[in-house]
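These are the residues of each chain, in order.
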Amino acid sequence: MNAKNTKRKAPRLVTAACVLGVLGVIPVAAQEKTVWDGVYSEAQARRGQELYRDICSSCHRDDLQGGGSEAEAPALEGSIFTTQWQDRRLVDLFLAIGTTMPQDAPDSLTPQFVIDIVSFLLEANGMPAGETELPPQLAPLEEILLTAAPGD
């Protein structure tokens, strides 16, 4: 095969790979796991809700709208939250909460407490539960993307 024939076949291979990826025959980066894939369990979100009430609600309020005892506490539900975290890895949210919260005792929560609270926040923002729990480890959370709702 000469160089001229190779140049003609390369675009066809790329086109074929793209078509197969779209059809789901081969994996494509765009098909990565998102928070809309049911990445936490309902039981985990319930534990997170209890922890949130005990640890977070005095600043972020029971309704997650922020501005409780700390006027600077941001909303953790709705467009402010989703805009801040959109197109970021779930590990970023996990680390932000784990290293900076609660404000009066940063970095004092166990990883399990933090991931349970993250699960509650996902639920509060309409992201569906699944069958398995989110693990309190960094590597798996790096694989999950926070995105806008499908179709938005």
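Residues numbered from 1 in each chain as written. Predicted model: local features only at pLDDT ≥ 70, side-chain atom pairs only at ≥ 80, totals over all residues. Heavy atoms only, no water.

A. Expanded view of the state of the cysteines. Using the criterion set out here, one finds zero disulfides in the structure. Residue C56 stays outside any disulfide, its sulfur separated by 8.6 Å from that of C59, the closest cysteine. Residue C59 is classed as buried on the basis of its relative accessible area of 18%. (Disulfide = S-S within 2.5 Å. Buried < 20%, exposed > 50% of the residue type's maximum accessible area, 1.4 Å probe, protein only.)

B. Highlighting the packing of aromatic side chains. Within the structure shown, the criterion is met by one aromatic pair. Both rings, one in Y52 and one in F120, keep their centres 5.4 Å apart while their planes meet at 50 degrees; by these two values the pair is tilted. Highlighted residues: Y52 in helix α2 (residues 42–60) and F120 in helix α5 (residues 111–124), separated in sequence by 68 residues. The exposure classification of Y52 matches that of F120, with both residues buried. (Phe/Tyr/Trp six-rings, centres within 6.5 Å; stacked < 30°, edge-to-face > 60°. Helix = DSSP H or I, 4+ residues; strand = E, 2+ residues; numbered from the N terminus.)

C. View of the packing of helix α4 (residues 90–100) against α5. One can describe the packing of α4 onto α5 by two numbers: an axis separation of 9 Å at closest approach and a directional angle of 120 degrees. Between α4 and α5, the angle is such that the two are oblique. Considering the relative orientation of α4 and α5, their crossing is right-handed. The segment α4 lies against α5, with L90, L93, F94, I97 and G98 engaging P111, V114, I115, V118, L121 and L122. Partitioning the contact of α4 with α5 into residue classes produces 10 nonpolar, one polar and no charged. (Axes fitted to C-alpha atoms, helices over the stretch in contact; angles between N-to-C directions. Parallel < 35°, antiparallel > 145°, perpendicular 65-115°, else oblique. Left-handed = near helix turned anticlockwise from the far one by under 90°. Contact = heavy atoms within 4.5 Å. Nonpolar A, V, L, I, M, F, W, Y, C, P; charged D, E, K, R; others polar.)

D. Layout of the side chain of H60. Relative to the helices and strands, H60 resides in helix α2. For H60, the side chain forms a polar contact with the main-chain oxygen of P74, separated by 2.8 Å. Apart from the residues lying within four places of it in its own chain, the contact partners of H60 are Y52, Q65, G66, A73, P74, L76 and M101. (Polar contact = N/O pair within 3.5 Å; in protein donor to acceptor, adjacent residues only side chain to side chain.)

E. Representation of α2. If you check α2, its first and last C-alpha atoms are just 22 Å apart, much less than what 19 residues at 1.5 Å a residue would give, namely 27 Å. Along α2, the largest kink reaches about 55 degrees and is centred on D54. Those residues of α2 that fall on the buried side of the exposure criterion are Q44, A45, G48, Q49, L51, Y52, C56, S57, C59 and H60. At its buried positions, α2 is contacted by α5. (Expected span 1.5 Å × (residues − 1). Bend = angle between axes of the 7 residues up to and from the residue.)

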